[in-house]
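Summary of the model geometry
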Amino acid sequence: MHNKKDTIYKENNSTIKPFEFDQRVVDVFPDMIKRSVPGYPMTLAMIGVIADKYFIEDTAIYDLGCSLGAVTFSLDNSLYNKNGKIIGVDNSEAMIHQCQNLLNVHQSQFEIEFIQADITQCDIQNASIVIMNFTLQFVPLAQREELLKKIYDGLLPGGVLILSEKIKFDTEEEMLLMQELHHHMKALNGYDDMEIANKRDALEKVLLPESHDIHLQRLQSAGFHPVSQWLRCLNFVSFLAIKPD
Ligand code: GEK
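Predicted model only: the values in this text are computed from it and were never measured. (Residues numbered from 1 in each chain as written. Predicted model: local features only at pLDDT ≥ 70, side-chain atom pairs only at ≥ 80, totals over all residues. Heavy atoms only, no water.)

1. Thoughts on the site of the ligand
In the vicinity of the ligand there are 20 residues, among which Y40, G65, S67, D90 and N133 approach most closely. N91 places a polar main-chain atom, nitrogen or oxygen, 3.1 Å from a nitrogen atom of the ligand. Interatomic distance of 2.9 Å between a backbone N/O atom of N133 and a nitrogen atom of the ligand. In isolation the ligand offers 660 Å² of accessible surface; the protein chains occlude 94% of this area. At the level of secondary structure, the elements contributing two or more residues to the shell around the ligand comprise α1 (23-36) and α3 (70-78). Here the residues of the shell around the ligand are counted per class, giving 11 nonpolar, 7 polar and 2 charged. (Near = heavy atom within 4 Å. Polar contact = N/O pair within 3.5 Å; in protein donor to acceptor, adjacent residues only side chain to side chain. Areas by Shrake-Rupley, 256 points an atom, 1.4 Å probe, with all protein chains shown as cover. Helix = DSSP H or I, 4+ residues; strand = E, 2+ residues; numbered from the N terminus. Nonpolar A, V, L, I, M, F, W, Y, C, P; charged D, E, K, R; others polar.)

Shown next as structure tokens:
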């Protein structure tokens, strides 16, 4: 099931429904994210490096918008000889159900818990690391500031937020350049023009990207310092935001 190819948007369907993280998406998700998000495997690998540096013994790691737990399972494998808890949160019932199935056959080092909840509502406590790997972009714009403040409050001093997002650009020229390169990457990864256009339409009101500067300002005004963009691949970036000691 885990290698199933994503063909969800292959049919010519003139009424494209808004994108949802339902069972159809769950069934193809590992293939979908790998073929759609530039640098996704490297992002996962480097989150392991950053987490290894900032993890504090006997604290919690939160994987917010965990989907199928790729970040959770990768950290559980990469943080050797450490004690703590990883909490994966997602509001998709189908995603969390599949996370539980994967957890049942996973030999875990950390205590791992998957929770079906809206990340704007869940508690964050005693955390040294919070990760939102391509999740904030799906949260309504008006709720983003409060969510970042809640994450800041739930982190221990010296703790970090790793925030990965698709971004938009201030100039039309750079926006088009990055979009074209992203679409070209998807085409080389086997998506045809119809699939790319259908998926773009389905995501239009669901995935709301913001600019690098808006993210930076919001992270800083939540109290994080320093905030650094540690990765960019086309129109996808990741920030490291530190809660000062
Ligand atoms: C990965 N991090 O593989 N509350 C909880 N979950 C949410 C919310 C919300 N308000 N909004 C969206 N989600 C993963 C990839 S995917 C990114 C993350 C993508 C969840 C949603 O159900 C989905 O599982 C996830 O956030 C976004 O590294 O598909 O582009």
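2. A look at the pattern of salt bridges
For the coordinates displayed, the defined rule picks out 11 salt bridges. Of the charged contacts in the structure, one is a salt bridge between K10 and E195, with a shortest N-O distance of 3.3 Å. Of this pair, K10 sits in the segment before α1 while E195 sits in helix α7 (residues 193-203), and the two are 185 residues apart along the sequence. For K10, a relative accessible area of 41% gives the class partly exposed. Classification of E195 by relative accessible area gives buried; the value is 3%. Notably, a salt bridge pairs K149 with E145, separated by 2.9 Å at the nearest N-O pair. Here K149 pairs with E145, and both are found in helix α5 (residues 141-154), just 4 residues apart, close to one helical turn. In this structure K149 comes out as partly exposed when scored by relative accessible area, which is 36%. What emerges from the salt-bridge pattern is a single network uniting K10, D192 and E195. (Salt bridge = Lys/Arg side-chain N within 4 Å of Asp/Glu carboxyl O. Buried < 20%, exposed > 50% of the residue type's maximum accessible area, 1.4 Å probe, protein only.)

3. Some details on the packing of aromatic side chains
Applying the stated rule across the entire model yields 7 aromatic pairs. Ring geometry for F19 against F21: centres 5.0 Å apart, planes inclined by 85°, an arrangement best described as edge-to-face. For F21, a relative accessible area of 27% puts it in the partly exposed group. Plain terms: the ring middles of Y152 and F224 are 5.0 Å apart, the flat faces sit at 90° to each other, and that makes the pair edge-to-face. Highlighted residues: Y152 in helix α5 and F224 in the loop between α8 (212-221) and β7 (227-233), separated in sequence by 72 residues. (Phe/Tyr/Trp six-rings, centres within 6.5 Å; stacked < 30°, edge-to-face > 60°.)

4. Thoughts on unusual backbone geometry
Going from H225 to P226, the amide bond is cis rather than trans, its omega being -5°. Secondary-structure assignment places P226 in the loop between α8 and β7. Positive phi, normally seen in glycine, also occurs at S67, with a value near 50°. One can find S67 in the loop between β1 (59-64) and α3. Backbone geometry places L234, a non-glycine residue, at a positive phi of 55°.

5. Details of a nonpolar patch on the surface
Among the surface-exposed residues, M42, M46 and V49 lie close enough to one another that they form a single nonpolar patch of about 260 Å² accessible area. Note that V49 resides in helix α2 (residues 40-54). (Patch = residues over 30% accessible without salt bridge, like charges linked within 9 Å, V, L, I, M, F, W, Y side chains within 5 Å.)

6. As for the environment of V139
Here V139 lies in the loop between β4 (127-133) and α5. Accessibility expressed as a relative area gives 8% for V139, which makes it buried. In the structure, V139 is positioned 85 residues away from F224 in sequence and 20 Å away in space, judged by C-alpha atoms. Among residues more than four places away in sequence, those in contact with V139 are I119, T120, R144 and L147. (Contact = heavy atoms within 4.5 Å.)

Keep in mind these values describe shape, not function.
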